[in-house]
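The chain contents come next:
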Amino acid sequence: MRLLLIGAPGAGKGTQAGRIADHFALAHISSGDLLRHHVATGTPIGQRAQAFMDRGELVPSSIVLDMLRKPVLAAARDGGYVLDGFPRTVEQAQQAYGVARELGVAVQVAVHLAVPREALLARIVARGLTSGRSDDDPEVLEHRLDVYERHTRPLLDYYRERERLLTVNGDRPLAEVTWSVLVQLQRAKKLLR
Ligand code: AP5
């Protein structure tokens, strides 16, 4: 099974991706977590990515695609993946599809976690008290939300047009959101063949 989650900052992508991956015994691959690991360990990728992340900007696609190619292909060969945070733009989706289609490992379903802006702000401001993430600062967060609207929201139409999009109300307790995703995946199982 090959899934990805789309949602604004704070929509619950990381949280739900972990739960869904556990449920189906899939690899959870988070572009944000991998980038933060590179930053924390001072790798060349981390050194190039850090300033973009601190400002709440997207890291250049070439860096992200290079970083993800190996783990995604390995996970696809090993039962599947839940991707969280990638793709972030239609351009990234098209580039990834170009590679994955040839290998027969393209994404089957994109799950959109829909959460209103006020709830996103409240969640990230609360998380920012303890997360230590430089981009959880309120000003940077506003910018991340704008970047989402401008660059990532168009992905919803991209997957809708390809009849691969499921939308779930993410503004509910964690377990309810997970349950809704699982129910929708069950209903859409023809996409998973
Ligand atoms: P990334 O790490 O992907 O950050 P993000 O998209 O801003 O998302 P968050 O991690 O803030 O939120 P989330 O949706 O995962 O929610 P979470 O589960 O954590 O990216 C960070 C940066 O890396 C980007 O800005 C960019 O610079 C770079 N980057 C990453 N991918 C890239 C790409 N493909 N291309 C270019 N650049 C890229 O939950 C948030 C909080 O809410 C938590 O405290 C959680 O406990 C809580 N919560 C979750 N669900 C619920 C619920 N149902 N009810 C109440 N609280 C909840």
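Since this is a predicted model, take the numbers as computed values, not measurements.

Attention now goes to the site of the ligand. Around the ligand sit 30 residues in total, of which T15, S31, E57, R127 and R144 are the nearest. Here T15 contributes a side-chain N or O atom positioned 2.5 Å from an oxygen atom of the ligand. Between an oxygen atom of the ligand and a main-chain N or O atom of E57, the distance comes to 2.6 Å. Of all the secondary structure elements, the ones that give two or more residues to the shell around the ligand are α1 (13-24), α2 (31-41) and α6 (117-131). When residues in the shell around the ligand are grouped by element, the largest group, four residues, is from α2. Grouping the amino acids of the shell around the ligand by side-chain chemistry returns 11 nonpolar, nine polar and 10 charged.

This brings us to the packing of α2 against helix α4 (residues 61-77). Direction vectors running N to C along α2 and α4 enclose 100°, while the axes themselves pass 11 Å from each other. Here α4 runs roughly perpendicular to α2, going by the angle between their axes. In contact with S31, L34, L35 and H38 of α2, α4 contributes V64, M67 and L68. Tallied by class, the residues present in the contact of α2 with α4 amount to five nonpolar, two polar and no charged.

Considered for burial, the residues of helix α8 (residues 154-161) that qualify are L155, L156, Y158 and Y159. Projected down its long axis, α8 carries its buried residues within an arc of 160°, all on one side. Elements in contact with the buried residues of α8: β1 (2-6), α5 (90-103), β4 (109-114), α7 (138-152) and β5 (165-169). E163 occupies a position one or two residues after α8 and carries a positive phi of about 55°.

In terms of nonpolar packing, the biggest core is built from 56 residues, with I6, V82, V109 and Y159 touching the most fellow members. Among the elements that make up this core, the one with the highest residue count is α4 (nine residues). Residue contacts for I6: discarding those within four places in its chain leaves K13, A110, V111, H112, L113, Y148, T152, L155, L156 and Y159.

Quick look at the packing of aromatic side chains now. This model, assessed by the stated rule, comprises one aromatic pair. Here the aromatic rings of Y158 and Y159 are separated by 5.0 Å at their centres, their planes lie at 90°, and the arrangement is edge-to-face. Taken as a pair, Y158 and Y159 share a single burial class, namely buried. Here the basic side chain of R55 rests over the ring of F52, its NZ or CZ set 5.4 Å away from the ring centre. The ring of Y158 carries the charged tip of R162 above its face, separated from the ring centre by 3.8 Å.

Definitions and limits used
- Residues numbered from 1 in each chain as written.
- Predicted model: local features only at pLDDT ≥ 70, side-chain atom pairs only at ≥ 80, totals over all residues.
- Heavy atoms only, no water.
- Near = heavy atom within 4 Å.
- Polar contact = N/O pair within 3.5 Å; in protein donor to acceptor, adjacent residues only side chain to side chain.
- Helix = DSSP H or I, 4+ residues; strand = E, 2+ residues; numbered from the N terminus.
- Nonpolar A, V, L, I, M, F, W, Y, C, P; charged D, E, K, R; others polar.
- Axes fitted to C-alpha atoms, helices over the stretch in contact; angles between N-to-C directions.
- Parallel < 35°, antiparallel > 145°, perpendicular 65-115°, else oblique.
- Contact = heavy atoms within 4.5 Å.
- Buried < 20%, exposed > 50% of the residue type's maximum accessible area, 1.4 Å probe, protein only.
- Arc of directions from axis to C-beta.
- Core = buried A, V, L, I, M, F, W, Y, C linked by side-chain atoms within 4.5 Å.
- Phe/Tyr/Trp six-rings, centres within 6.5 Å; stacked < 30°, edge-to-face > 60°.
- Lys NZ or Arg CZ within 6 Å of the ring centre and 35° of its normal.

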